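Chains, contacts and geometry: an overview
The lines below spell out each chain.
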Amino acid sequence: MESITMIKPILTYITFCPLIGVLAILLLKKESVGAIRWTAAFFSFVPFILSIYLVWFYLSSMGTGLLFDINNQTAGFVFDFEKPLVWFPQVNIFYHMGADGLSVPMIFLTGLLSFVSIFVSFSIKDRVKEYFAWFLLLEVGMFGVFSALDFFLFYIFWEIMLVPMYFLIGVWGGPRREYAAIKFFLYTLFGSVFMLIGILALYFTTGTLNMLELIRQNAMYSHLFQMWVFAGFFVAFAIKVPVWPFHTWLPDAHVEAPTAVSVILAGILLKMGTYGILRVSFPMFPEATKAYAVPIAILGLIGIIYGALVSMAQKDLKKLVAYSSVSHMGYCMLGMAAINTIGISGCLFQMFSHGVITGALFILVGVIYERAHTREIAAFGGLGVKLPVFTGIFVLFGMASLGLPTLSGFVSEFMIFVGSYKTVFFDKWIVILAVLGVVLTAGYILRMIQRMFLGQFNTKWEGLTEINGREIFTVAPLAILTILIGVYPKVLNVFLKDTVDNLVKLILG
Amino acid sequence: MLPYSWIIAALPLLAFILIVFFLNRSNKISSYFSIAMVLTSFVLSCIVLVQVLDDPAPKEYWVDWLTFGDYGMSGAGQITTEFESDESHQIPKLHPETIEPEYERHESGDTLDIAIDNNAEDLDDITLIAAIHHEEPSEHDSEHHLSFKEPQRHGKKGSFVIPLGIYIDPLTAIMLMVVSIVAGLVQIYSLGYMKGDPRFARYYAYLSLFTFSMLGLVLAGSYILMFVFWELVGLTSYLLIGFWFEKKIASDAGKKAFVTTKIGDLGFLLGLAILIFAVGSASLPELDYMIANGQISENLMPLVAIAGILMFCGAVGKSAQFPLHVWLPDAMEGPTPVSALIHAATMVAAGVYLAARMMGIIMISETMMYVVASIGAFTAFLAASIGLVQNDIKRVLAYSTVSQLGYMMMALGLAGFTAGTFHLMTHAFFKALLFLAAGSVIHAVHTNDIQYMGGLSKKMKITSKTFLIASLSISGIFPLSGFWSKDEIFAVAFEGGHYPFLVVGILVAGMTAFYMFRLYFLTFTGEPRDKHAYEHAHESPKNMTVPLIILAVLSVCAGWVGIPWLYKGYSSFVFYGAVHHADPNIILMLISLIVASSGIGLAYVIYVKKTITAEAIGRAFKPIYTFLYNKWYFDELYMATIINPTYWFMEVLFKFDQLVIDGIVNGFGKVTLFTSWIHERFDTYVVDGAVNGAGYMSMFFGKHIRKIQTGQLQTYALFVFLGAVVFMFIKLI
């Protein structure tokens, strides 16, 4: 197997750069808030730039034609090192980092959203030092999950994220922060147990923890084994996505978390669930994947409709956006269950664009919350008169969320519908019902926009100030990405296409 | 010019972007720039029209938008092409492929069996689309005698491509011109109408975006791109209908428009998915070609027809056809020039345009054609009946639009492609005129209610005259444009032998004439009923009246291009398949004229002569009047059956989410806590109790037994003695 190795171990650099940031911040004095903020900004900026380099490197490697070798089932990866570094030789654990078309866009998104979130976090006032230290540690975990190709490493990064997240919600969160933080932590940990069981089962069957190796050997897993281990992994990933009915930690965590953490939670952490399914479950257990396609699609369908309807019932703006995530991630599940190129590409598009759009929506919710100290939709009204720019940006992302063409949400929804209609794994009625979600989404987004921004101006908010430069700076890149992908989806598809082709070929054999 | 015709759409987009980001500080620059852009688009459209007139063969230009591998795709295989690089100008070879991996085999019925025998001769035949060729069709011509040019094919072997592109044929060219001229005039008119509005620059930004979306829709070469612009049109009309969003009623109307049309769009979206599933392509020319030449296998045809019906749902929503017509009258809350644009050239025209573009798909099944025609006819009647009794000048016009759109749909359903699109064009002019003139009236008297108007013709000479011209035109009076286009529709219905439709059409024509002249008489003639408003009334400024005059001229003349006796008229330019138009029928024309005149006469008798008063009629037919006045209670019906149940259901689901699902999660936590509590108790009292008990025991004994450890030898000796005594006793016993 020929593999493409980076000249420098970029993924390692990306992953551990924020860790240096953590150490640097710990050395700073608690009082020097400005220095801490800019240190954090710097140490999230560097991996962001490196992730752009990774994107470029990946693209240029694709140009060489070496990356996708037809005879190589797990082609499409660029690696940090020629060979996985030996870590614990006694138990066959390696330090193995690599990225392919699934993870490169995700690493880029992580870099971007983390960088943006650091700026969003500039409004955090107390215990700044700890906050940014935890935040950068969280970033390490996120990058790690998307780059690790050894199960041991993967699991470590997966678990590493929980701790900072727990503290970020539990210390800097809203009134019910402790409940939310514990719920998030325990719920995810509960899922992780199943993943650990799955990993151990694989390890005792094959004796390796190398994920690519495990994919390569997928023919030797018996049908029953596949069904059970797939289910175990699925519980872990489904909780993270979250797939209905494992979703109730999400609204609580989102509502209580500080703005930047909500951004990361919606933008990256949820994607780890779907990423995990596509990276682990689908290629390792092709038999089970096909067998479980119908339940996955149905869970996706329920998520779409249920999430949209429950969103419509929300009175709290942040909770509305949180439940809309349940609905939008439902589209991801539907798309991947199609197990064809359009469906899975649609799922990946949806992952990316949901990260961008919902991230931006959470930032905007934070902007208004910081000024008004309330998130109750009914408390606002007619803000369009007073805050035209903020309204304009909010409406833009609202429209992106409801899948308006020329914005990225449409491309992914369209691909998912076409893909899941073209599938052989489940019936058409699932798609027909899922399309209803489009109207429901339009319903709750428009209702929210109307009640917040249109109508008579509520004079109570005379004192509200317009969105400021820093805040515009944080949402501008997201707006550009949304429009860019919506108009010219090739920019994203070029990364995904061959990898998705490989993946589908692998599953369908 | 043709390859660059996307510029026509891009110019208003440029105006939008520049206004939003840079020009919005200055109202003047924003509006002038926007107008300049749309007028440039108009000039370019004229150039395109001239070029297309010169060479009417359709042109298409494509770019790849998305490419996928085609693994795991079911449905029809794709027809893909291998281009031979050195002979790219030659007609590409077609490779029908059924890409069906093994596991898909059980999926019955979806295999593709295409017999393509396109040798060069055949292709030469069908390339001559422009020429009117009546040669007997070869074996793969369908019953409709369609002939289409070989379209471009997309994609390579083993890949699935979604291309986007533009497609220019005579209909496109005509629509481009109509849209850009109406949009241009509306923008000029708005200079006066919107003067002093605090969001003036933004208004022009929205108008530009609206124009861009509609021009894009017209240029779109595939249903996917069409859907993209379709939604943008929906968005911009949402923004414009709710432009005065401080009024709740306006923002409600915008939302209603968006959501109602979105329901139709579901059908469109699903139809697209099915179309791509069944045919593997959504390109307009490719689909037409494949259908016309029987390249879609028999067993897939029903699926394509279903896709067609679903996509038609989109047209029903956008063109406000029954049962999704409820949003259009509410859309009157937007500024009046916006209404003119929505009703004439953009939003509602989009639906008819789509239906016209789908002609090939509609014509697959007789049933579907009947569905389309029936929906059109019923809507025409429904809206006309409501229009009879409304008092809001804009609402009457709105219902007349719905009714006229019904006509167009009916014509399309009766295979009258030429008639439907012709009426779309003439209607665009006179309806824009009607709305702009109504706007001029509203601008003068500051009310929409015709009960407070009257006698305005003395004060507003130009407005009243142009309104009269438009009313005559829409009523179908010879020789105004409405006469020719309406008659074309009647001729189609007559020739096809669809007499029920013909009767409905003529009946509705009479009703149209009646309510339009009711409107005219009540507004412009007689004594002013509101003295105050009358005194303040004045003719509108030049920038509003000039567009009126231009539109009046168009309302008179635009129909002349379609006079049936013309040697090369509209019907030999815009047609579907082969040139064909219904033969002119003088008797039919006379009947329609008589019906229209009697409608006008009746209005004259009631509202000018007052021989019979409207009140008396209203009283005599009280139930019918109330029924009509309340718009057949559609809003109430939808409220009770759809909207309120949805709201109820969402609340129930939220409760379910909180109580049941989250309840289970929390319950799980509680159970865990409870178990741990029991464990803790067990631990404290039993396990730890045992440990502590052992410790306690030793402590206890230690504490008490140490007392005998006195250190006195005498005491120890005593114990030894006592012990010895005890043992002795035991021994003895």
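Residues numbered from 1 in each chain as written. Chains lettered and ligands numbered in written order. Predicted model: local features only at pLDDT ≥ 70, side-chain atom pairs only at ≥ 80, totals over all residues. Heavy atoms only, no water.

Let us now look at the overall build of chain B. Summing up its helical and strand segments, chain B has 26 helices and 4 strands in all. A burial count over chain B gives 57% of its 733 residues as buried. A total of about 30,400 Å² of accessible surface is found on chain B, and carbon and sulfur atoms cover 68% of it. (Helix = DSSP H or I, 4+ residues; strand = E, 2+ residues; numbered from the N terminus. Buried < 20%, exposed > 50% of the residue type's maximum accessible area, 1.4 Å probe, protein only. Areas by Shrake-Rupley, 256 points an atom, 1.4 Å probe, with all protein chains shown as cover.)

Time to look at the overall build of chain A. Looking only at helices and strands, one finds 20 helices and 5 strands in chain A. Taken over the C-alpha trace, chain A has a radius of gyration of 22 Å; the compact-globule value for 509 residues is 23 Å, and the two agree within 12%. Oriented by its inertia axes, the alpha-carbon framework of chain A measures out at about 70 × 60 × 45 Å. Counting contacts in chain A only where the partners sit at least 6 residues apart, residues at least 24 apart contribute 82% of the total. (Rg over C-alpha atoms; globule rule 2.2 N^0.38 Å. Contact = heavy atoms within 4.5 Å.)

Here we come to helix α6 (residues 223-241) of chain B. The end-to-end C-alpha distance of α6 of chain B is 26 Å, a good match for the 27 Å that 19 residues give at a rise of 1.5 Å each. Across the 19 residues that make up α6 of chain B, a large majority, 19, are buried. (Expected span 1.5 Å × (residues − 1).)

Within the largest apolar cluster, 458 residues are counted, with the highest numbers of intra-cluster contacts made by Phe151 and Met399 of chain A together with Tyr223 of chain B. Considering each element in turn, this core owes the most residues, 19 residues, to helix α16 (residues 417-445) of chain B. Residue contacts for Phe151 of chain A: discarding those within four places in its chain leaves Ile199, Leu202, Leu209, Met211, Leu214, Phe233, Val280 and Met284 of chain A. (Core = buried A, V, L, I, M, F, W, Y, C linked by side-chain atoms within 4.5 Å.)

Looking now at the packing of aromatic side chains. Evaluated as defined, the whole model comprises 86 aromatic pairs over all chains. Ring centres 4.9 Å apart and planes at 20° place the aromatic pair Phe230 of chain A and Tyr292 of chain A in the stacked group. Taken together, the residues span a long stretch of sequence, with Phe230 of chain A in helix α9 (residues 223-240) and Tyr292 of chain A in helix α12 (residues 286-312) at a distance of 62 residues. Looking at Phe230 of chain A, the relative accessible area reads 1%, which means it is buried. Exposure remark for Tyr292 of chain A: the relative accessible area of 22% places this residue in the partly exposed category. Taken together, the aromatic side chains of Trp38, Phe45, Phe48, Phe108, Phe115, Phe119, Phe122, Tyr131, Phe132, Phe135, Trp172 and Phe473 of chain A make up a single cluster linked through ring pairs. The lysine or arginine in question, Arg199 of chain B, covers the ring of Phe243 of chain B, its NZ or CZ lying 5.5 Å from the ring centre. (Phe/Tyr/Trp six-rings, centres within 6.5 Å; stacked < 30°, edge-to-face > 60°. Lys NZ or Arg CZ within 6 Å of the ring centre and 35° of its normal.)

Our focus in this paragraph is the sheet that holds strand β2 (residues 78-79) of chain A. Residue and element names in this part refer to chain A. In spatial order, the strands read β1-β2-β5; together these 3 strands make up an open sheet with mixed pairing. Looking at which strands have only one partner, the edges of the open sheet turn out to be β1 (4-5) and β5 (98-99). Pairing analysis gives 2 bridges linking β2 to β5, with the strands arranged antiparallel. Note that in β5 the partner of Val78 across the bridge is Ala99. (Pairing = 2+ DSSP bridges.)

Residues and elements named next belong to chain A. Two elements in contact, helix α7 (residues 177-206) and helix α10 (residues 249-256), have axes whose closest approach is 9 Å; the angle formed by their N-to-C orientations is 135°. The orientation of α7 relative to α10 falls into the category oblique. In the packing of α7 onto α10, the handedness of the crossing is left-handed. From α7, Arg177, Tyr179, Ala180, Lys183, Phe184 and Tyr187 reach across to α10, where they touch Trp249, Asp252, Ala253 and Glu256. When the residues that make up the contact of α7 with α10 are grouped by side-chain class, the tally is 6 nonpolar, no polar and 4 charged. (Axes fitted to C-alpha atoms, helices over the stretch in contact; angles between N-to-C directions. Parallel < 35°, antiparallel > 145°, perpendicular 65-115°, else oblique. Left-handed = near helix turned anticlockwise from the far one by under 90°. Nonpolar A, V, L, I, M, F, W, Y, C, P; charged D, E, K, R; others polar.)

Another aspect to go through is the interface of chain A and chain B. On the side of chain B, 58 residues touch chain A, which itself brings 72 residues to the contact. Between chain A and chain B lies a buried interface of about 5,600 Å² when both sides are counted; carbon and sulfur atoms form 73% of it. Where chain A touches chain B, the interface holds 1 salt bridge. One salt bridge in this structure joins Lys183 of chain A and Asp662 of chain B, with 2.5 Å as the shortest N-O distance. Applying the counting criterion to the chain A and chain B interface returns 15 residue pairs in polar contact (both at pLDDT 80 or more). In terms of residues, the side of chain A that touches chain B owes the most to one element, helix α18 (residues 428-453) of chain A, which gives 15 residues. Here the residues of the side of chain A that touches chain B are counted per class, giving 46 nonpolar, 15 polar and 11 charged. (Buried area = accessible area lost by both parts, 1.4 Å probe. Salt bridge = Lys/Arg side-chain N within 4 Å of Asp/Glu carboxyl O. Polar contact = N/O pair within 3.5 Å; in protein donor to acceptor, adjacent residues only side chain to side chain.)

Let's shift gears to the confidence of the model for chain B. Residue and element names in this part refer to chain B. For chain B, per-residue confidence averages 80 on the pLDDT scale, and residues scoring 70 or more make up 87% of the total. Across residues 76-146, where pLDDT falls below 50, the model places 122 contacts with residues more than four positions away in sequence or in other chains. Confidence estimates for the predicted assembly give a pTM of 0.86 and an ipTM of 0.88. (pLDDT = per-residue confidence, 0-100.)

Right, let's get into the packing of helix α1 (residues 10-27) of chain A against helix α2 (residues 33-64) of chain A. All names here are of chain A. Across the interface, α1 lies against α2 with an axial gap of 9 Å and an inter-helix angle of 180°. The angle between the axes of α1 and α2 places the two elements in the roughly antiparallel class. Taking contact as the criterion, the partners of Ile10, Leu11, Tyr13, Ile14, Cys17, Pro18, Ile20, Gly21, Ala24 and Ile25 in α1 are, on α2, Ile36, Thr39, Ala40, Phe43, Val46, Pro47, Leu50, Ser51, Tyr53 and Leu54. Partitioned by chemical class, the residues of the contact of α1 with α2 number 17 nonpolar, 3 polar and no charged.

With that settled, the discussion passes to the side chain of Ser208 of chain B. Residues and elements named next belong to chain B. Along the chain, Ser208 turns up in helix α5 (residues 200-219). With a relative accessible area of 1%, Ser208 lands in the buried category. Within the structure, Ser208 has its side chain in polar contact with the side chain of Ser34 (distance 2.8 Å).

All names here are of chain B. Together, Tyr696, Met697, Phe700, Phe701, Ile705, Ile708, Leu713, Tyr716, Leu718, Phe719, Phe721 and Leu722 line one region of the surface with nonpolar side chains, adding up to about 1,200 Å² of accessible area. Within the residue set of the nonpolar patch, elements represented by two or more residues are α25 (634-705) and α26 (713-732). Assignment of secondary structure puts Tyr696 in helix α25. Exposure remark for Tyr696: the relative accessible area of 56% places this residue in the exposed category. (Patch = residues over 30% accessible without salt bridge, like charges linked within 9 Å, V, L, I, M, F, W, Y side chains within 5 Å.)

One face of the sheet, then the other: side chains in a regular strand alternate in exactly this way. Residues and elements named next belong to chain B. Of all 10 residues making up strand β4 (residues 159-168), 10 are buried, and the element is well covered by its neighbours. Neither face of β4 is open: one carries Ser159, Val161, Pro163, Gly165 and Tyr167, the other Phe160, Ile162, Leu164, Ile166 and Ile168, and all of them are buried. Two elements, strand β1 (residues 59-69) and β4, share 10 bridges in a ladder whose sense is antiparallel. Paired with Tyr61 across the strands is Ile166, a residue of β4.

Now for unusual backbone geometry. Residue and element names in this part refer to chain A. The amide bond that connects Val241 to the next residue, Pro242, takes the cis arrangement and shows omega of -10°. Tracing the sequence through the fold places Pro242 in the loop between α9 and α10. Here the residue pair Trp244 and Pro245 is connected by a cis peptide bond, since its omega of 5° sits within 30 degrees of zero. Among the structural elements, Pro245 can be located in the loop between α9 and α10.

Another aspect to go through is the pairing of strand β3 (residues 85-88) of chain A. Residues and elements named next belong to chain A. Where β3 lies against strand β4 (residues 93-95), 3 bridges are found, and the strand directions are antiparallel. Opposite Val86, over in β4, you have Phe94 as the bridge partner. Where β3 hands over to β4, the hairpin turn is made up of 4 residues, of which Asn92 adopts a positive phi near 65°.

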